[in-house]
Amino acid sequence: MPQLRLLPRRAWAALFSQLLRPPCTSSPGAVHCHSQVAEAVLTSQLKPHQDKPNFVIKTPKGTRDLSPQQMVVREKILDLVVSCFKRHGAKGLDTPAFELKEVLTEKYGEDSGLIYDLKDQGGELLSLRYDLTVPFARYLAMNKVKKMKRYHVGKVWRRESPTVLQGRYREFCQCDFDIAGQFDPMIPDAECLKIMCEILSGLQLGDFLIKVNDRRIMDGMFAVCGVPESKFRAVGSSIDKLDKMSWKDVRHEMVAKKGLAPEVADQIGDYIQCHGGVTLVEQMFQDPRLSQNKQALEGLEDLKLLFEYLTLFGISEKISFDLSLARGLDYYTGVIYEAILLQSPAQAGEEPLSMGSVAAGGRYDGLVGMFDPKGHNVPCVGLSIGVERIFSIVEQRMKTLGERIRTSETQVFVATPQKNFLQERLKLIAELWDAGIKAEMLYKNNPKLLTQLHYCENMGIPLAVIIGEQELKEGVIKLRSVASREEVAIKRENLVAEIQKRLSES
């Protein structure tokens, strides 16, 4: 007997809609016409199932799923980051995952080619957001907000070649903190660097260094070296690749692809080797060429003031003035910074990782004005934490150490040693839930006690409450410490208070 196959609802709908139509003709062949239509509908619906190609189930390139164990680690990282943002007075904000394409274009320089464009389905040209900074500037301009301290955690998308081992993906999470408004120089900038230090220290990733430069100093350097102003951003974009390419390759790109004279590139090479603290800032004031450039002098003045504030914050030893730091995004106008790990955490048997920057940011005073009809600017400075790279480091460390991760926060398990006690378990667990206690039970009418206790141990649940005929008769509940396996009888009316007491002590 041939095997029958159930049709999808859409197939039945299409079939009946054809059968209910008037006959194709008034001839005796009308029935035959109906049968042909029915056969055609059935064939069209069944064909995809019959000719189904070999389909590989996987996530798209540059993306990944996160398991419950990974989500626990990720949430701990995000909790630490967001709690720091809140400690500094930031308010939460969210924006759409996609923006009008024109909002995002011409904001990222050469990286604009990495923006994901969406197909036009509603009369608007749209793109997935590339970062959280441009949408924030759009929000400020659209709502005429002149002053705001905000944080934003959300996904962004970039069409670049993913390097999973280095924590680089096409879809990834960003955690941003920004201060918008007209304030005295370098005070908000110093706080952003302080926040970076607090987060990286709190995550215990190992020793780190924050490189600092200023776009005005960089542009001044380009000018005195003989770079045409029209090529400032293009040359800056090449220098921004020094964390991925050697100076020889970057120099070749500037000369061969950007059209820079070799001697100009060599002069830039002399400057970008310089890095140090406030002493280097003082030296640059004495540089015979750089000191003649007005833009560079403005940047140096601000950096000198910035280091004064960083010293007061107690973090100046973590900061390095580095003339090779460029930050490729077009919208930066002043101080720029980038945090790197000096070494991956050297745990036993752990392979060293080259993770690149784990946090970055800077000042962008002209971005909001690009969206304001009258060009009114709102000065802004901010930072972004590289959650994916940090997560890769923490995850690898935990794998190396074989750390066990609890995937749920269940505090109490409701168990029974006897059959036909589902109703009593349901009443008891409802009582715990109503008291705000995180509780679980097995979804079976008559589970075995050993199975229930094994579940507690495997899931790391600290307490179990056991109810049976004897306990019900005496008006008590057995409270079991899962780790020590000690049990004590507690009066039913005192159970919640006793559980809460034990949980507060643990």
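Please read all numbers here as calculations on a predicted model, not as lab measurements. (Residues numbered from 1 in each chain as written. Predicted model: local features only at pLDDT ≥ 70, side-chain atom pairs only at ≥ 80, totals over all residues. Heavy atoms only, no water.)

### Description of the overall build of the protein
Here is step 1: The helix and strand inventory of the protein stands at 17 helices and 16 strands.
Here is step 2: Per-residue burial over the protein gives 45% buried out of 506 residues.
Here is step 3: By sequence separation, contacts in the protein at least 24 residues apart represent 69% of the contacts at least 6 residues apart.
Here is step 4: Put simply, the protein shows about 27,300 Å² of open surface, and 53% of that area lies on carbon and sulfur atoms. (Helix = DSSP H or I, 4+ residues; strand = E, 2+ residues; numbered from the N terminus. Buried < 20%, exposed > 50% of the residue type's maximum accessible area, 1.4 Å probe, protein only. Contact = heavy atoms within 4.5 Å. Areas by Shrake-Rupley, 256 points an atom, 1.4 Å probe, with all protein chains shown as cover.)

### Details of the UniProt feature "binding site: L-histidine" (unreviewed entry) in the protein
Here is step 1: Following the UniProt record, one finds the feature "binding site: L-histidine" (unreviewed entry) at Asp131, Leu132, Thr133, Arg158, Gln174, Asp178, Arg327, Tyr331 and Tyr332.
Here is step 2: Tracing the backbone through its elements, the reader meets Leu132 in the loop between strand E3 (126-128) and helix H5 (133-142).
Here is step 3: Among the residues examined, Leu132 registers a relative accessible area of 0% and is labelled buried.
Here is step 4: Here Gln174 shows up in strand E5 (residues 171-180).
Here is step 5: Setting aside its immediate chain neighbours within four residues, Gln174 contacts Asp131, Leu132, His152, Val153, Gly154, Val156, Arg158, Ser384 and Ile385. (UniProt positions renumbered as here; feature names shortened; annotations may be inferred.)

### Concerning the confidence of the model for the protein
Here is step 1: Of all residues in the protein, 86% have pLDDT values of 70 or greater, and the mean over the chain is 87.
Here is step 2: Across residues 1-5, where pLDDT falls below 50, the model places 3 contacts with residues more than four positions away in sequence or in other chains.
Here is step 3: This stretch, residues 23-34, has a pLDDT under 50; its non-local contacts, to residues over four places away or in other chains, come to 8 contacts. (pLDDT = per-residue confidence, 0-100.)

### Quick look at helix H15 (residues 449-459)
Here is step 1: Taken together, the buried positions of H15 are occupied by Gln452, Leu453 and Cys456. In a view along the axis of H15, the buried residues occupy a sector of 95 degrees, so they form one face of it. Along H15, the residues that are exposed and aim more than 90 degrees away from the buried face are Leu450 and Asn458.
Here is step 2: On its buried side, H15 packs onto strand E12 (412-415), strand E14 (463-466) and strand E15 (476-481). (Arc of directions from axis to C-beta.)

### What to know about unusual backbone geometry
Here is step 1: Located in the positive-phi region is Met186, a residue other than glycine, with phi close to 70 degrees.
Here is step 2: Mapped onto the elements of the fold, Met186 is located in the loop between E5 and helix H6 (187-202).
Here is step 3: Met186 gets classed as buried once you look at its relative accessible area, which sits at 3%.

### Considering the nonpolar core
Here is step 1: Ranked by internal contacts, the top residues of the largest apolar core, which has 75 residues, are Phe85, Ile210, Ile268, Phe321 and Tyr337.
Here is step 2: Top element by residues in this core is H6. It accounts for 8 residues.
Here is step 3: Among the nonpolar cores identified, the runner-up in size contains 25 residues, and Met148, Leu325, Leu329 and Val378 belong to it. (Core = buried A, V, L, I, M, F, W, Y, C linked by side-chain atoms within 4.5 Å.)

### Remarks on the environment of Lys231
Here is step 1: Positionally, Lys231 belongs in the loop between helix H7 (215-225) and helix H8 (232-239).
Here is step 2: Beyond its immediate stretch of four places on either side in the chain, Lys231 contacts Lys258, Gly259 and Leu260.

### Brief notes about the packing of aromatic side chains
Given two aromatic rings, one states the distance between the centres and the angle between the planes to describe the pair.
Here is step 1: Counting across every chain of the model gives 8 aromatic pairs.
Here is step 2: With a centroid separation of 5.5 Å and 35 degrees between ring planes, the pair formed by Phe85 and Phe177 is classed as tilted. Here Phe177 lies in strand E5 and Phe85 lies in helix H3 (residues 68-87), a separation of 92 residues in the sequence. As far as the burial class goes, Phe85 and Phe177 line up, both buried.
Here is step 3: Between Tyr108 and Tyr331, the ring centres sit 6.1 Å apart and the planes meet at 70 degrees, which makes this aromatic pair edge-to-face. On the criterion of sequence distance, the pair formed by Tyr108 in the loop between helix H4 (101-104) and E3 and Tyr331 in the loop between strand E8 (319-322) and strand E9 (335-341) is long-range, its members being 223 residues apart.
Here is step 4: Among the aromatic side chains, those forming a connected cluster through ring pairs are Tyr108, Tyr130, Tyr331, Tyr332 and Tyr364.
Here is step 5: Positioned over the ring face of Tyr130 is Arg158, at 3.9 Å from the centre of the ring. (Phe/Tyr/Trp six-rings, centres within 6.5 Å; stacked < 30°, edge-to-face > 60°. Lys NZ or Arg CZ within 6 Å of the ring centre and 35° of its normal.)

### Some thoughts on the sheet that holds strand E11 (residues 380-385)
Each strand in a sheet pairs with its neighbour through backbone hydrogen bonds, running either in the same direction (parallel) or in the opposite one (antiparallel).
Here is step 1: Pairing is mixed in the open sheet, where 9 strands are placed in the order E1-E4-E5-E11-E10-E9-E6-E8-E7. Lying at the two open borders of the sheet, with one neighbouring strand each, are strand E1 (91-92) and strand E7 (275-276).
Here is step 2: Note: E7 against E8, 2 bridges, orientation antiparallel. Residue His275 lies in a different strand from E8, and its bridge partner there is Asp322.
Here is step 3: Sitting on the sheet, H6 is in contact with strand E4 (148-157), E5, strand E6 (208-214), E9, strand E10 (357-363) and E11, with an inclination near 10 degrees to E11. (Pairing = 2+ DSSP bridges. Axes fitted to C-alpha atoms, helices over the stretch in contact; angles between N-to-C directions.)

### Some thoughts on the side chain of Asp287
Here is step 1: As for its position among the elements, Asp287 is in the loop between helix H11 (278-285) and helix H12 (294-313).
Here is step 2: Arg289 provides the closest opposite charge to the buried, unpaired Asp287, separated from it by 4.9 Å.
Here is step 3: A polar contact is formed between the side chain of Asp287 and the backbone nitrogen of Leu290, at a distance of 2.7 Å. (Lys, Arg positive; Asp, Glu negative; His and termini not counted. Salt bridge = Lys/Arg side-chain N within 4 Å of Asp/Glu carboxyl O. Polar contact = N/O pair within 3.5 Å; in protein donor to acceptor, adjacent residues only side chain to side chain.)

### With respect to the pattern of salt bridges
Here is step 1: Using the criterion set out here, one finds 29 salt bridges in the structure.
Here is step 2: Across the pair Asp178 and Arg150 runs a salt bridge whose closest N-O atoms are separated by 2.5 Å. Highlighted residues: Asp178 in strand E5 and Arg150 in strand E4, separated in sequence by 28 residues.
Here is step 3: Exposure remark for Arg150: the relative accessible area of 0% places this residue in the buried category.
Here is step 4: Of the charged contacts in the structure, one is a salt bridge between Glu487 and Arg480, with a shortest N-O distance of 2.8 Å.
Here is step 5: Judged by relative accessible area, Arg480 falls into the buried class, the value being 12%.
Here is step 6: Sharing partners across several salt bridges, the network here consists of Arg64, Arg74, Glu388 and Glu395.

### Focus: the environment of Met142
Here is step 1: Mapped onto the secondary structure, Met142 falls in helix H5.
Here is step 2: Sequence separation between Met142 and Asp372 is 230 residues; the distance between their C-alpha atoms is 7.4 Å.

### Points about the sheet that holds E14
Here is step 1: What the 5 strands build is an open sheet, ordered E13-E12-E14-E15-E16; its pairing is mixed. Each edge of the sheet is formed by a strand with only one pairing partner; in this case those strands are strand E13 (439-440) and strand E16 (487-491).
Here is step 2: Judged from the 4 bridges that link them, E12 and E14 form a sheet pairing that is parallel. Bridged to Val414 within E14 is Val465.
Here is step 3: Strand contacts of helix H14 (residues 422-434): E12, E13, E14 and E15, with the helix running at about 165 degrees to E12, the strand carrying the most contacts.

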